[in-house]
Amino acid sequence: YKYTQQKEGYKHYCWSSVKKMYVNLWWVILLFPVALGLLIGDEHFPGNWQTVLLNISGLFVSYSSIWWFFCVYIVFLITSSFFFQMADKYNPYFLFLLLFGCYVFGFYFRIYHHFAIENKYFSAIFSLFLNFNWTILQFMTGAFALKYAWNTKVHQFFSTIKYRNTSVLLGIIFLIMIHSI
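This text gives an overview of the structure that appears in the document. Just so we're clear, the structure is a prediction, and the values are computed from it rather than from any experiment.

Conventions adopted
Residues numbered from 1 in each chain as written. Predicted model: local features only at pLDDT ≥ 70, side-chain atom pairs only at ≥ 80, totals over all residues. Heavy atoms only, no water. Helix = DSSP H or I, 4+ residues; strand = E, 2+ residues; numbered from the N terminus. Expected span 1.5 Å × (residues − 1). Bend = angle between axes of the 7 residues up to and from the residue. Buried < 20%, exposed > 50% of the residue type's maximum accessible area, 1.4 Å probe, protein only. Salt bridge = Lys/Arg side-chain N within 4 Å of Asp/Glu carboxyl O. Phe/Tyr/Trp six-rings, centres within 6.5 Å; stacked < 30°, edge-to-face > 60°. Contact = heavy atoms within 4.5 Å.

Turning our eyes to something else, we now look at helix 2 (residues 10-40). Over its 31 residues, helix 2 runs 44 Å from end to end, which matches the ideal 45 Å to within 8%, given 1.5 Å per residue. Taken as a whole, helix 2 carries its principal kink of about 30° at L30; the proline P33 stands between one and four residues after it. Residues of helix 2 that are buried: Y10, C14, S17, V18, M21, Y22, L25, I29, P33, V34 and G37. With its phi angle positive at about 90°, G41 sits one or two positions after the end of helix 2.

Next up, the structure:
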């Protein structure tokens, strides 16, 4: 949405957001695992220098599992301008198929063929790469929805249906039944 409002200042906005996210992460790391860990005297917090370095970089956030999305979100912020420019330039069907290929690749290696990498750093980077490939399709589907105004098309479609609330309710029940199989 921000990209459509101001394409010129979008990269600056993204880098400013990256900076804010890292400052928030560092405050959380400084206050909880480091300060409380040293105060309590727990050997796992803050841990060795490698654990602290990986957490500060955001590659591996072991102190708090609620930050699992952090590094993927940062990569999305940094690369979103590129992907939005691709959405403006290329055929959406071609781009959707390419992104679907990235999704299948990320899903396969993340879920079905997950293998262990001995090195902590390479493992964190490879996991980030898989998570990015696994979620780029959803991210860009949202961009396509905004660009091509899917909401107005869906609204126009549903405005022609006589019993739309009942139809949508039956559709949701049908999806729940299919999902439970």
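Having seen it, we continue.
Before going further, it helps to spend a moment on the pattern of salt bridges. Counted by the stated rule, this structure contains 1 salt bridge. Taking the shortest distance from any N to any O, the salt bridge between D88 and K147 comes out at 3.7 Å. One end of the pair, D88, is in helix 4 (residues 70-89); the other, K147, is in helix 6 (residues 120-147), with 59 residues separating them in the sequence. The exposure class of D88 is partly exposed, given its relative accessible area of 38%.

Moving on, we get to the packing of aromatic side chains. Here a ring pair, both rings aromatic, is described through the centre-centre distance and the interplanar angle of the planes. Scanning all chains against the criterion turns up 15 aromatic pairs. Each ring, one from Y103 and one from F107, has its centre 5.9 Å from the other, and the planes form 20°; the classification is stacked. Within this pair, Y103 and its partner F107 are both found in helix 5 (residues 92-112), separated by 4 residues, close to a single helical turn. The class for Y103 is partly exposed, based on a relative accessible area of 23%. Ring geometry for F144 and Y148: centres 6.4 Å apart, planes at 35°, overall tilted. Judged by relative accessible area, which is 4%, F144 ranks as buried. The exposure class of Y148 is partly exposed, given its relative accessible area of 27%.

In this fold, N131 is placed in helix 6. When its relative accessible area of 13% is taken as the criterion, N131 is described as buried. The contacts of N131, once residues within four sequence positions are left out, are V72 and R110.

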